[in-house]
Amino acid sequence: MERVDSKTVYEGKIATVRVETFRHADGSETEREVVAHPGAVAILAHDDERIYLVRQPREAVNEESLLELPAGKLDVDGESPLECAQRELAEEVGKAASDWRELKRFYTSPGFAQEEVTVFVATGLRDESRDAGEEERIEIVPWPLAEIDGAIEECRDAKSLVGLQLLRELLDG
């Protein structure tokens, strides 16, 4: 498959929308609307007793409060996914970790969006200064690890569901 044309139709703070034309091996062409996104990280920060989750409003889906993993966009020039995860964990939960492991990368909705999320496991937690930012309304939720199925049941956010399912497999394995 080859991209043969691309036109930007919208540029915003979070995403850019392009109309792109692709030519397939058989010569046929397909036009797609593509949402370009810098990518994101999500963090499974846990100790022996709890995983640190957050609740925050998600206006795009008209939700006052969604249960999620701490997460953030790769929106700082030159910052690696790991550096972004470390920054986001401090900003959202007020924690730092001595041990980091990349667990999984996945596309959130590859039918139209380029967003790729990298999920990290963070352990060896310690307190860190917290700066959630002026516009963020984040409630920190220390959730008991023994009740991870309850977090999965309550969660409706895709990146968090993927991460929590992966963590449950790690803990069971």
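Structure shown above.
Notes on the structure follow. Computed from a predicted structure; not experimentally measured. (Residues numbered from 1 in each chain as written. Predicted model: local features only at pLDDT ≥ 70, side-chain atom pairs only at ≥ 80, totals over all residues. Heavy atoms only, no water.)

## A word on the layout of surface pockets
Okay, so step 1: A volume near 1,400 Å³ is recorded for the largest pocket.
Okay, so step 2: If you go around the largest pocket, you meet 36 residues; those closest to its centre are Ile14, Arg58, Glu68, Lys73 and Lys159.
Okay, so step 3: Sorting the residues of the lining of the largest pocket by element identifies strand S5 (50-58), strand S6 (63-68), strand S7 (71-73), helix H1 (81-93) and helix H3 (158-172) as the ones contributing at least two each.
Okay, so step 4: Looking at the lining of the largest pocket element by element, the count peaks at four residues for H1.
Okay, so step 5: In the lining of the largest pocket, the residues fall into 14 nonpolar, four polar and 18 charged.
Okay, so step 6: Each pocket or cavity is described by its volume, and for the second largest pocket that value is around 270 Å³.
Okay, so step 7: Contributing to the lining of the second largest pocket are 15 residues, with Phe22, Arg32, Val34, Pro110 and Gly111 lying nearest its centre.
Okay, so step 8: Within the residue set of the lining of the second largest pocket, elements represented by two or more residues are strand S2 (16-23) and strand S3 (29-36).
Okay, so step 9: Residue contributions to the lining of the second largest pocket peak at four residues, all from S3. (1 Å grid on protein atoms, 1.4 Å probe; cavity = no way out; pocket = protein on both sides within 12 Å on 5 of 7 lines; lining within 4 Å. Points joined across faces, edges and corners; volume = space filled by probe spheres on them. Helix = DSSP H or I, 4+ residues; strand = E, 2+ residues; numbered from the N terminus. Nonpolar A, V, L, I, M, F, W, Y, C, P; charged D, E, K, R; others polar.)

## Here we look at the pattern of salt bridges
Okay, so step 1: Applying the stated criterion across every chain yields a total of 21 salt bridges.
Okay, so step 2: Glu154 is paired through a salt bridge with Arg55; the nearest N and O atoms lie 2.4 Å apart. Of this pair, Glu154 sits in helix H2 (residues 148-154) while Arg55 sits in strand S5; the two residues are 99 residues apart in sequence, bridging distant segments of the chain.
Okay, so step 3: Relative accessible area serves as the criterion here: at 35%, Glu154 is assigned to the partly exposed category.
Okay, so step 4: Salt bridges sharing partners connect three or more residues here, namely Lys73, Asp75, Glu79, Arg87, Glu88 and Glu91. (Salt bridge = Lys/Arg side-chain N within 4 Å of Asp/Glu carboxyl O. Buried < 20%, exposed > 50% of the residue type's maximum accessible area, 1.4 Å probe, protein only.)

## Digging into the pairing of S5
Okay, so step 1: One ladder, built from six bridges, connects S5 with strand S10 (residues 139-144); its direction is antiparallel. Bridging across to S10, Tyr52 finds its partner in Pro142.
Okay, so step 2: Sheet analysis places S5 next to S6, joined by four bridges and oriented antiparallel. The residue bridging Arg55 from the neighbouring strand is Leu67, located in S6. (Pairing = 2+ DSSP bridges.)

## Details of the packing of aromatic side chains
Okay, so step 1: Summed over the entire model, instances satisfying the criterion amount to one aromatic pair.
Okay, so step 2: Aromatic pair Trp100 and Phe120: ring centres 6.2 Å apart, planes at 80°, arrangement edge-to-face. In this pair, Trp100 sits in strand S8 (residues 95-107) while Phe120 sits in strand S9 (residues 116-127), placing the two residues 20 residues apart along the sequence. (Phe/Tyr/Trp six-rings, centres within 6.5 Å; stacked < 30°, edge-to-face > 60°.)

## Considerations on the sheet that holds strand S1 (residues 2-11)
Okay, so step 1: Spatial strand order, S1-S2-S3: three strands in an open sheet with antiparallel pairing. The open sheet has two edge strands, S1 and S3, and neither has a second partner. Going from strand to strand, the sheet's axes swing by 20° on average, the running direction of each strand aside.
Okay, so step 2: The pairing of S2 with S3 spans eight bridges and is classified as antiparallel. What sits directly across from Val17, in S3, is Val35. (Axes fitted to C-alpha atoms, helices over the stretch in contact; angles between N-to-C directions.)

## Here's the deal with the nonpolar core
Okay, so step 1: Counting 21 residues, the largest nonpolar core has Leu44, Ile51, Leu53, Leu69, Trp143 and Leu164 as the members making the most contacts within it.
Okay, so step 2: Of all the secondary-structure elements, those providing two or more residues to this core are strand S4 (40-45), S5, S9, S10, H2 and H3.
Okay, so step 3: Not counting the four nearest positions on each side in its chain, Leu69 is found in contact with Ala42, Ile43, Leu44, Ile51, Leu53, Val54, Lys159, Ser160, Gly163 and Leu164. (Core = buried A, V, L, I, M, F, W, Y, C linked by side-chain atoms within 4.5 Å. Contact = heavy atoms within 4.5 Å.)

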